[in-house]
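# A structural walkthrough
Chain residues, written in single-letter form:
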Amino acid sequence: EAQVTQNPRYLITVTGKKLTVTCSQNMNHEYMSWYRQDPGLGLRQIYYSMNVEVTDKGDVPEGYKVSRKEKRNFPLILESPSPNQTSLYFCASSSGNNEQFFGPGTRLTVL
Amino acid sequence: SQQGEEDPQALSIQEGENATMNCSYKTSINNLQWYRQNSGRGLVHLILIRSNEREKHSGRLRVTLDTSKKSSSLLITASRAADTASYFCATDEWYGNNRLAFGKGNQVVVIP
């Protein structure tokens, strides 16, 4: 089944404790992206990647890192999480036609 | 980057009625897409309309695009309770870089 998977689905952590949210897609898509969704603000893009080893900042990259060492994986790294990074995170992938396939989301709470 | 803006923000209708949502954007686009999100879940792609198209249909969905007014509308005909969701428009500015700018979403509640 074609899909985008994210792990973990739910995470409660404390300020400053490094964490990684994994994202994997099995559709051989070149393009992958991370978004955060907050009430009243909609979806905002954090980082995106056009292909392996090619990443670029989205609209709200501060406090996040990403890497794209393999085509299927695009992990999101929070080196020192803060409470303002409490949010619902989505990973998405697409091929050249631009329709994006979304993962199920990761609900992160930073205390 | 630009953002789509949906209007109205929330809509409550009876099952069987039509639901219409609008989206406006600010700059030139390559295409515009609509997505649906059921509560707290991932977004699901509904339909894509290119900048050189004016209208597109997919099942009970009808999308229009007016590039002169920089606006789009999504019509869901004969709504069902299962259509209860949030609907987002997203615009693609540049061809080839796959960046999408999403609006804030439009919540639709269909009452059985």
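Residues numbered from 1 in each chain as written. Chains lettered and ligands numbered in written order. Predicted model: local features only at pLDDT ≥ 70, side-chain atom pairs only at ≥ 80, totals over all residues. Heavy atoms only, no water.

What follows deals with the pairing of strand β11 (residues 106–111) of chain B. All names here are of chain B. Of the two faces of β11, the one holding Asn-106, Val-108 and Val-110 is buried and the one holding Gln-107, Val-109 and Ile-111 is not buried anywhere. As judged from the five bridges shared by strand β2 (residues 10–14) and β11, these two strands associate in the parallel manner. The residue of β11 that forms the bridge with Ser-12 is Val-109. (Buried < 20%, exposed > 50% of the residue type's maximum accessible area, 1.4 Å probe, protein only. Helix = DSSP H or I, 4+ residues; strand = E, 2+ residues; numbered from the N terminus. Pairing = 2+ DSSP bridges.)

Further remarks concern the environment of B:Glu55. Residue and element names in this part refer to chain B. In this fold, Glu-55 is placed in strand β6 (residues 55–58). By relative accessible area, which is 41% here, Glu-55 ends up partly exposed. Spatially, the C-alpha atom of Glu-55 lies 9.5 Å from that of Ser-73, the residues being 18 residues apart in sequence. Apart from the residues lying within four places of it in its own chain, the contact partners of Glu-55 are Ile-49, Arg-62, Val-63 and Thr-64. A distance of 2.7 Å separates the side chain of Glu-55 from the side chain of His-57, its partner in a polar contact. A polar atom in the side chain of Glu-55 sits 3.2 Å from the side chain of Arg-62. (Contact = heavy atoms within 4.5 Å. Polar contact = N/O pair within 3.5 Å; in protein donor to acceptor, adjacent residues only side chain to side chain.)

Further remarks concern the state of the cysteines. Under the defined criterion, the tally for this structure stands at two disulfides over all chains. Bridging A:Cys23 to A:Cys91, the disulfide has an S-S length of 1.8 Å. Between A:Cys23 and A:Cys91, the disulfide has an S-S torsion of -70 degrees and is therefore left-handed. Highlighted residues: A:Cys23 in strand β3 (residues 19–25) and A:Cys91 in strand β9 (residues 87–94), separated in sequence by 68 residues. The disulfide partner of B:Cys23 is B:Cys89, and the S-S distance across this bridge is 2.0 Å. (Disulfide = S-S within 2.5 Å.)

Attention now moves to unusual backbone geometry. Where the residue is not glycine, phi is negative for most of them; where a peptide bond is considered, it is trans in most cases. Residue and element names in this part refer to chain A. In this model, Asn-7 is joined to Pro-8 through a cis peptide bond whose omega is -5 degrees. Relative to the helices and strands, Pro-8 resides in the loop between β1 (4–7) and β2 (10–13). For Asn-28, which is not a glycine, the phi torsion comes out positive at approximately 60 degrees. Relative to the helices and strands, Asn-28 resides in the loop between β3 and β4 (31–38).

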